Amino acid sequence: GGTLAFSPIDGYLYIGMGDGGSGGDPQNRAQNPLTLLGKMLRIDVGGLSGYAVPPDNPFAGNPAYLPEIWALGVRNPFRWSFDAATGDLWIADVGQNNWEEIDFQPAASTGGENYGWRLMEGTHCYDPPGGCDDGDPALVYPIHEYDHDAGCSVTGGTVYRGAALPELAGHYFFADFCSARIWTLRYDGVAVSELTDRTEELAPGGGLAIGSIAAIAADGLGELCIVDRGSGVNGEIYRILRNPASVDEAGADGGGVSGRGAEGPGDGDANGSANIGALSPALRIADLRPNPFSGAVQATIHAERPGMLQMKIFDAAGRERAGFPAVRAERGATPFHWDGRDAGGRLLPSGVYYLSATIEGEAAGRSVQLIR
């Protein structure tokens, strides 16, 4: 386990719990309803007590189960995430010896799913080695699995909902920690499609290499970053973006898989995190001043190609606070002005905000501090 996240649908805190280790779950904790291990949990931390069980949890009031349990039968949900657009839950469950799996729970679920461990590893019997499901309709099979020829420890990612790569909207990104392979797939609630190996496409080049992938996560604008541990002391953060050189070669729309890449650590960035300026050299936000500001802030948007320019303001939690009508921008510089107000004209409080610019599939962002 290790991931905690708030649902974009109900606002409750979800927690992924591993089975406690020892190999093969010898105590069968993942199927034991009286332990929190090997489960997905759901709690309410928004009340006065700071900890409560939501009354609509699937086993609330059932003395045979701990009330925090939302779903059972996971081995090690090392990385899992909510789809920011739909609220669907994607769980990458690390396998034991042979199979890695991706589980899916639709946003409309009322909980109580049993994803099968230790009865099953992926769609295959584990303990017992045969007849494990016995036709049990309560067991929920993964939507995707792969064997250890492709890796040995799945690293879950997230569904892409950014603006920089619109052709990948709705694609789920995931990877393998051991092999450093990266894939995407789509799922329509019935079948998986467009399973694609993106490893070579996302190789950063320049003498850099992605290895021991620990996470694939989205920033406040939905753009994705790949986090690797390296050898454990030299980990890096890479941003997934469109490769402008490939766009020029393939045509204005980027022309398929050659149109993307991963950008590595910026010059002089001692901690190895990626430069968080423009997501693409084809669009950037410059001349941001004053910063911090108290009355109004100005910036210049530089675009390499003309198109409809859309500006938005997000707060530190990733919530959109202000949007501006799209305007036609020609190639070159376009001025921008923001007076620190939200979409309703109300003054926003002090804090860090994020300016987002998008034009013709390109995206850029800059942070700015508002002081009242």
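Each remark here, short or long, concerns the structure printed above.
All of the points below concern the structure found in this document. The structure displayed is predicted, hence computed values, not measured ones.

In this section: the packing of aromatic side chains. Under the counting rule described, the total for this entry stands at 15 aromatic pairs. Centre to centre, the rings of Tyr14 and Trp70 are 5.7 Å apart; their planes meet at 80°, and the pair counts as edge-to-face. Of this pair, Tyr14 sits in strand E2 (residues 13-16) while Trp70 sits in strand E4 (residues 69-72), and the two are 56 residues apart along the sequence. In this pair, the class of Tyr14 matches that of Trp70, namely buried. Ring geometry for Trp90 and Tyr172: centres 4.4 Å apart, planes at 15°, overall stacked. Of this pair, Trp90 sits in strand E6 (residues 89-93) while Tyr172 is found in strand E12 (residues 172-176), placing the two residues 82 residues apart along the sequence.

Right, let's get into the nonpolar core. Ranked by size, the top nonpolar core spans 23 residues in total, and within it Ile301, Trp338 and Val368 carry the most contacts. Elements with a minimum of two residues in this core: strand E19 (283-289), strand E20 (297-303), strand E21 (307-315), strand E24 (332-338), strand E25 (351-359) and strand E26 (362-370). Residues within four places of Ile301 in sequence aside, it is in contact with Leu283, Arg284, Ile285, Leu309, Met311, Gly332, Ala333, Thr334, Phe336 and Ala357. Within the second largest apolar cluster, 17 residues are counted, among which are Ala164, Ala180, Ile182 and Ile216.

Quick look at the sheet that holds strand E13 (residues 182-187) now. One open sheet holds the 4 strands; their spatial order is E11-E12-E13-E14, and the pairing between them is antiparallel. Two strands lie at the open edges of the sheet, namely strand E11 (154-159) and strand E14 (192-197), each paired on one side alone. Sheet twist, expressed as the average angle between the axes of neighbouring strands with direction ignored, equals 20°. Here E11 runs beside E12; their pairing, made up of 4 bridges, is antiparallel. Paired with Val159 across the two strands is Tyr172, which belongs to E12.

For the bond running from Trp117 to Arg118, omega is 5°, close enough to zero to count as cis. Here Arg118 lies in the loop between strand E7 (99-105) and strand E8 (120-121). Between Arg289 and Pro290 the backbone carries a cis peptide bond, its omega angle lying at -10°. Mapped onto the elements of the fold, Pro290 is located in the loop between E19 and E20. One non-glycine residue, Ser22, lies in the positive phi region at around 80°. Mapped onto the elements, Ser22 comes out in the loop between E2 and strand E3 (39-43). The exposure class assigned to Ser22 is exposed, which follows from its relative accessible area of 64%. The backbone phi angle of Asp287 is positive, close to 55°, even though this residue is not glycine. Checked against the element boundaries, Asp287 lands in strand E19. Given a relative accessible area of 41%, Asp287 falls into the partly exposed group.

It is worth spelling out the side chain of Asp83 at this point. Mapped onto the fold, Asp83 is located in the loop between strand E5 (79-82) and E6. Of the residues examined, Asp83 reaches a relative accessible area of 3% and is grouped as buried. A polar contact of 2.8 Å, which involves the side chain of Asp83, links it to the side chain of Arg161. Residues contacting Asp83, with those up to four places away along its chain left out, are Pro8, Asp88, Trp90, Val159 and Arg161.

In this structure the tally under the stated criterion is 2 disulfides. Residue pairing for Cys152: its cysteine sulfur links by disulfide to Cys178, the two sulfurs lying 1.7 Å apart. Negative torsions about the S-S bond denote left-handed disulfides, and the value of about -45° found for Cys152 with Cys178 makes this one left-handed. Taken as a pair, Cys152 in the loop between strand E10 (144-147) and E11 and Cys178 in the loop between E12 and E13 lie far apart in primary sequence, 26 residues in all.

Moving on to the sheet that holds E24. Ordered by their spatial adjacency, 3 strands build an open sheet running E19-E20-E24, and the pairing between neighbours is antiparallel. The open sheet has two edge strands with one neighbour each: E19 and E24. Here the strands of the sheet are splayed against their neighbours by 25° on average, with no regard to which way each runs. One ladder, built from 7 bridges, connects E20 with E24; its direction is antiparallel. Bridge pairing in E24 places Ala303 opposite Gly332.

Moving on: the pairing of E14. Consecutive side chains of a regular strand alternate in pointing toward one face of the sheet and then the other. Here 4 bridges tie E13 to E14, and the two strands are oriented antiparallel to one another. Within E14, the residue paired with Arg186 across the bridge is Ser193. Between E13 and E14, which pair antiparallel one after the other, the connecting turn spans 4 residues, and Gly189 there sits at a positive phi close to 95°.

Let's shift gears to the pattern of salt bridges. Inspection of every chain in the model, using the stated rule, returns 15 salt bridges. Across the pair Arg321 and Asp315 runs a salt bridge, and its minimum N-O distance is 3.3 Å. Judged by relative accessible area, which is 27%, Arg321 ranks as partly exposed. Members of the salt-bridge network, linked through shared partners, are Asp10, Arg42 and Asp56.

Conventions used here
Residues numbered from 1 in each chain as written. Predicted model: local features only at pLDDT ≥ 70, side-chain atom pairs only at ≥ 80, totals over all residues. Heavy atoms only, no water. Phe/Tyr/Trp six-rings, centres within 6.5 Å; stacked < 30°, edge-to-face > 60°. Helix = DSSP H or I, 4+ residues; strand = E, 2+ residues; numbered from the N terminus. Buried < 20%, exposed > 50% of the residue type's maximum accessible area, 1.4 Å probe, protein only. Core = buried A, V, L, I, M, F, W, Y, C linked by side-chain atoms within 4.5 Å. Contact = heavy atoms within 4.5 Å. Pairing = 2+ DSSP bridges. Axes fitted to C-alpha atoms, helices over the stretch in contact; angles between N-to-C directions. Polar contact = N/O pair within 3.5 Å; in protein donor to acceptor, adjacent residues only side chain to side chain. Disulfide = S-S within 2.5 Å. Salt bridge = Lys/Arg side-chain N within 4 Å of Asp/Glu carboxyl O.

In short, the description is geometric, and any link to function would need to be established separately.
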